[in-house]
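As a plain string of letters, each chain reads:
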Amino acid sequence: STDLTSTVGYDSIIQHLNDGRKNCKEFEDFLKERAIIEEKYGKELINLSKKKPCGQTELNTLKRSLDVFKQHNVGQGHIQLAQTLREEAKKMEDFREKQKLHRKKIELIMEAIHKNRNLQYKKTMEVKQMCCCFLPCGLLLHFLCLSRFWQLFLKLAQTKSALEDTDRSYQQSVTTMEKIREEWQNEHIKACEFFETQECERINYFRNALWLHVNQLSVGCVQNDEKYEEIRKSLEMCSIEKDVDFFVNLRKTGSLAPAPVVYENYYNAQRNVTPARSPVPVPISRRGPLPTPTSAPGEPDYATVDGYSLV
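An unreviewed UniProt entry annotates the protein chain as PPIP2 protein originating from Sylvia borin.

See the structure below:
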């Protein structure tokens, strides 16, 4: 703006810096809210693993896989992520307050300069207006001198002296105004350079903070997948045949089937002249190989997810 007293440009810069600070505060609040969610989710996962039964009567290899599944609970990872997010939010808050403190010093300097500049400009314009009012008197003085009106000459001479004093005051005011203008301009340039540096630092810090946040989420996913991989490895060691044989050997009641029931005649001994045979237990033969589990139509195999093989 060509108006010396205008602060439109300066106000636009300050408004932009305030908006940037507000954006940092919003991201800081986002991290805090995400931390609350992560902590709550992690605690609920841990409580679910501890309190909710999950295959507690399984045996042998599948039981070992379930034990690994319970041990590798990802809840603690979410709680740790919540703590990390709170730390990052605190760093963002410290950075934001540090910039605010440094910027406040420059703003106070600029406010004082603006105030001094505006006061001097107002004073200069007032003196200039007085000079403009004295101009007709000066012309009248010249006319009266030529007409030799002696009775008014003394009074007009005083007016001339006052006009000269006012003109000198106007010149001094303009000179002072120019010095103040130069001082304001120099300080304005310094302030703009400082604000520009601050804005570059803010954008860089904000970008890096967001990048770091995404990396932390990725690390959490990788750590969770490593735990899931341990569970998958334990499931690879799970054997259907071993678990069935383990149950049979653990709960078996013997190797012989119950003997058949035979008829014994207690009513007429003469009719049953043929002695009854002693029942002989029938040995139990091991049945054939276990059936191979098959997936229902449209149901994915245990080692695939939507066509993507995990093994």
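Talk me through the nonpolar core; I want residue IDs and the actual numbers.
Judged by nonpolar contacts, C24, F27, L31, A35, L81, A82, L85, A89, M92 and A209 together constitute the single largest core of 10 residues. In terms of residue count, the dominant contributor to this core is helix α3 (residues 75-147) (5 residues). Setting aside chain neighbours within four positions, we find C24 in contact with M92, R96, R202 and F206. By size, the runner-up hydrophobic cluster in this structure holds 8 residues, among which are Y10, W184, A191 and F195.

Just give me the short version of the packing of aromatic side chains, but keep the residues and values in it.
Per the stated rule, a full pass over the model turns up 5 aromatic pairs. An angle of 15° between the planes, with centres 6.2 Å apart, marks the rings of F27 and F30 as stacked. One end of the pair is F27 and the other is F30, both in helix α1 (residues 8-51) and 3 residues apart, which spans about a single turn. Classification of F27 by relative accessible area gives buried; the value is 8%. When the ring of F194 is compared with that of F195, the centres are 6.0 Å apart and the planes differ by 65°; the resulting orientation is edge-to-face. With a relative accessible area of 26%, F194 lands in the partly exposed category. Members of the aromatic cluster, joined through ring pairs, are Y10, F194 and F195.

Describe the pattern of salt bridges, and please don't skip the residues or the numbers.
Counting across every chain of the model gives 17 salt bridges. Among the salt bridges present, the one from R96 reaches E97, with a minimum N-O distance of 3.1 Å. Residue classification places E97 among the partly exposed residues on the basis of a relative accessible area of 34%. Among the ionic contacts, a cluster of salt bridges with common partners joins R21, E28, K32, R96 and E97.

Parameters at a glance
- Residues numbered from 1 in each chain as written.
- Predicted model: local features only at pLDDT ≥ 70, side-chain atom pairs only at ≥ 80, totals over all residues.
- Heavy atoms only, no water.
- Core = buried A, V, L, I, M, F, W, Y, C linked by side-chain atoms within 4.5 Å.
- Buried < 20%, exposed > 50% of the residue type's maximum accessible area, 1.4 Å probe, protein only.
- Helix = DSSP H or I, 4+ residues; strand = E, 2+ residues; numbered from the N terminus.
- Contact = heavy atoms within 4.5 Å.
- Phe/Tyr/Trp six-rings, centres within 6.5 Å; stacked < 30°, edge-to-face > 60°.
- Salt bridge = Lys/Arg side-chain N within 4 Å of Asp/Glu carboxyl O.

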